[in-house]
Amino acid sequence: MDAIFWKERGEDEAAATAVAKIQFPHLKYLYLYRLPNLTRFCNSFEEVEFPQLETANLYELPKLDGLASKGHLFDKKDLQRLQELNVQSCGSVEVIFDLQQSNVNEGGHELAVLTRLEDVSLFGLDNLRHVWKNCPHVIQGSSLQNLNYLRVFNCDSLRHVFTPSIAKVLVGLQELGIQACKNLEAIVAKEEEEEEEYIVGGGGGIILFPQLTALYLYNLPKLLNMIHKPYTFNWTSLKDLTMGDCAKLIERLNDTLQVTSNNMETQQVGEIRNLTAAFPTSVLTQLQNLEELAIRRCSSLEVIFNHQGLNAIQLAGTFQYLSSLTLEGCDSLRHVFTPSIAKLLSQLETLEISNCENLEAVVAEEEEEYIVEGGAGGGIFNFFPQLTSLSLQKLPNLMQITPKAYTFNWPSLKTFTLADCGKLTETLYDKIQVALDNMETLKVHKLDNITVFFPTSVLPQLQNLEKLEIQRCCSLEVVFNLQGFNVNNEGRYEPLAPLLTQLADIDLRSLPKLRHVWKTGAHVIQGSFKNLSWLHVEHCDSLKYVFTPSVAKLLLVLEEVKIIECENLEAIVADEDREEECRLELGGGGGINVILFPKLTCLSLHGLQNLLTIMPKPYTFNRSSLLVVTSCKTFTDRHYEGVINYKDYLEAGENSTQHC
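Cut-offs used in this document
Residues numbered from 1 in each chain as written. Predicted model: local features only at pLDDT ≥ 70, side-chain atom pairs only at ≥ 80, totals over all residues. Heavy atoms only, no water. Pairing = 2+ DSSP bridges. Helix = DSSP H or I, 4+ residues; strand = E, 2+ residues; numbered from the N terminus. Axes fitted to C-alpha atoms, helices over the stretch in contact; angles between N-to-C directions. Salt bridge = Lys/Arg side-chain N within 4 Å of Asp/Glu carboxyl O. Buried < 20%, exposed > 50% of the residue type's maximum accessible area, 1.4 Å probe, protein only. Phe/Tyr/Trp six-rings, centres within 6.5 Å; stacked < 30°, edge-to-face > 60°. 1 Å grid on protein atoms, 1.4 Å probe; cavity = no way out; pocket = protein on both sides within 12 Å on 5 of 7 lines; lining within 4 Å. Points joined across faces, edges and corners; volume = space filled by probe spheres on them. Core = buried A, V, L, I, M, F, W, Y, C linked by side-chain atoms within 4.5 Å. Contact = heavy atoms within 4.5 Å. Patch = residues over 30% accessible without salt bridge, like charges linked within 9 Å, V, L, I, M, F, W, Y side chains within 5 Å. Areas by Shrake-Rupley, 256 points an atom, 1.4 Å probe, with all protein chains shown as cover. Lys, Arg positive; Asp, Glu negative; His and termini not counted. Charge placed at Lys NZ, Arg CZ, Asp CG, Glu CD. pLDDT = per-residue confidence, 0-100.

Section: the sheet that holds strand 35 (residues 516-519)
With parallel pairing, the three strands of this open sheet are ordered in space as 31-33-35. This sheet does not close on itself; its edge strands, each paired only once, are strand 31 (452-454) and strand 35. Taken pair by pair, the neighbouring strands of this sheet meet at an average axis angle of 30 degrees, ignoring direction. Pairing analysis gives three bridges linking strand 33 (residues 478-481) to strand 35, with the strands arranged parallel. Within the sheet, the bridge partner assigned to Asn481 lies in strand 35 and is Lys519.

Listed below in structure tokens is the structure:
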């Protein structure tokens, strides 16, 4: 089917003339989807009118080149009631709106066009050359006055989005998004010579898009200009700016920021290779309303906040609302903040820094070039008091978070991720300990030179910790050191509050020297670890057992345990001090089975080449639990044959598809 409506064959010339125009007077909604051979909505008609059309959705019509005439979708009188237009994957469309003589009525008077249009989305139109074509030099003022949202993505033949005459009437445009248009050179086209006579007195700097609040420009490799003289913008309403991979536009970026930053709330910059300073001095003091900032893959960036020559009084109020900062792939950056800037970030809640190869410090030593009268000073200062989430990942040269003269307490910190920061030593860990009180999630990857993750002195601070993840810490030997925790100076045990009562998830991977998850003494405080429900241990080759009996008895809500490829693991629950444990538990009796992990639903064991048993007698676990044992060649303990389908899983070995 190449058309929805077409003329009947055999019509004589008079009949053909009579139906040269077709009208759909009551059609309000037009939806065409996945019609691979459709070339025209109406074929063989000179004009097609949709006087009441309000919404048009055209999706995946690769051969469609117009609704009536070849090359464009809408013209003339189709434009009076249209409110929403979505065109996607219509690769043959060249023009969306043809405005030739559309703003002149039969009496020659100017008419407004597209007065109700609010939202336009154009995606994947490979041959689109004009959003608006044949635009008159002067358009009636109420035309396009309600257009609020325009998105143009993957339109590779488009060289500009607006003509000047169209841009001038878009006084209500609020959001503009343009992405992956490989040949786009300008947002607003240059004024044609024949149109220059309409610019009275040279224009004097005509402001375009005065209500724009959000601008998104990404992957526009040929974009040279947003606009051309005599036009300009002073987007005092702009709150959200996202700009990335616009390599040829970079020289004008800082000029753009200077006139748009007063009310900016969110700014994202990415893949701008020649950007060396995100915010020059002239812009810095205008950032009072900035709330979120993200800079990604700007490999030449050396300074984020250049405050050279500004004192504390001039900087006052700057960044007072900044709550989120994300940095990724900024390899030339050596520090993020100077102390002068860090002190201003009293509302910072989220800080994420990753893949910055040469970053040495989050907060640098105060450099002399920045120190001016009334400026920085040393001493103890608590940076980022509202910080709730901190993520530092793949920073191979990071050596410190703050200078020695400064400190942090972070009483609000709930989530902390540290990964692949090889030069960050135990000095950081000393500082982390003072920020544990409200910690809920802690993730640490590849932190060397630490043997005990949670020493005894730290444990009482972990009452809010819910999730723990430790990976690739090659020196780690102990996760929780419980030895001597509740022993007083006289060597007597004193009752203390339970430990880690909120901890629910533990994930331990690639810890080659780990010998103890829990290193216990003779007594473990009852009620500790009472909410632990999930445990994953993988590639911990020095581990011989996971639990001691004293810890295992505390885990009343443990539901799922996965142990994978721990080369020297011999048992899940240790046989250590078994007789003493039994005596304390059974009062000297010997024939009663003690059920551990009463809520356990699945125990999955894989690739444990030296596994001999799960747990020593008299301990056992709930027979309704699912036991999955694969690739554990030395495991022959038949004590658990009563567990559901145990034999099937054991015999299936490496071919087993069963899992928790």
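Next, the rest of the story.
A few points about the pattern of salt bridges
Taken as a whole and judged by the stated rule, the model has 13 salt bridges. For the salt bridge of Glu328 with Arg297, the shortest nitrogen-to-oxygen distance reads 3.5 Å. A residue pair is termed long-range when its members are at least 10 positions apart, and Glu328 in strand 24 (residues 324-328) and Arg297 in the loop between strand 22 (292-296) and strand 23 (303-305) qualify at 31 residues. On the accessibility criterion, Glu328 (24% relative accessible area) is partly exposed. A relative accessible area of 34% means that Arg297 is categorised as partly exposed. Several salt bridges converge on common partners, so that one network encompasses Arg296, Arg297 and Glu328.

Section: the packing of aromatic side chains
According to the stated counting rule, one finds 23 aromatic pairs in the structure shown. When the centroid spacing of 6.2 Å and the interplanar angle of 40 degrees are considered together, the rings of Phe153 and Tyr216 count as tilted. Taken together, the residues Phe153 in strand 12 (residues 149-153) and Tyr216 in strand 17 (residues 214-218) connect sequence positions 63 residues apart. Judged by centre distance (5.6 Å) and plane angle (20 degrees), the ring pair of Phe454 and Phe480 falls under stacked. Remark: Phe480 occurs in strand 33 and Phe454 occurs in strand 31; sequence separation between them is 26 residues. The two residues Phe454 and Phe480 agree in class, both being buried.

Let's talk about empty space enclosed by the protein
Overall, the coordinates contain six cavities of 30 Å³ or more when judged by the stated rule. Quantified by volume, the largest cavity comes out at close to 70 Å³. Forming the walls of the largest cavity are 12 residues, and the residues nearest its centre are Val303, Ile304, Phe305, His335 and Val336. Among the secondary structure elements, those contributing two or more residues to the lining of the largest cavity are strand 23 and strand 25 (335-337).

Quick look at the nonpolar core
In this structure, Trp132, Phe162, Ile304, Phe337, Phe480, Phe547 and Leu605 are the most contacted members of the largest nonpolar core, which totals 185 residues. The element that contributes the greatest number of residues to this core is helix 2 (residues 164-169), accounting for three residues. With residues up to four places along the chain from it excluded, the contact list for Leu605 reads Ile563, Ile572, Leu611, Ile614, Leu627, Val628, Val629, Thr630 and Cys632.

Notes on a negative patch on the surface
On the surface, Glu175, Asp240, Glu291 and Glu292 cluster together into a negatively charged patch. For Asp240, the location among the structural elements is in strand 19 (residues 240-244). Overall, Asp240 belongs to the partly exposed group, its relative accessible area being 31%.

Structural notes on the environment of Thr236
As for its position among the elements, Thr236 is in the loop between strand 18 (231-232) and strand 19. With 26 residues separating them along the chain, Thr236 and Pro210 place their C-alpha atoms 7.4 Å apart.

A short note on the confidence of the model for the chain
With 75% of its residues at a pLDDT of 70 or more, the chain shows a mean pLDDT of 79. Considering only residues more than four positions removed or in separate chains, one finds that residues 581-591, a stretch of pLDDT under 50, has 14 contacts.

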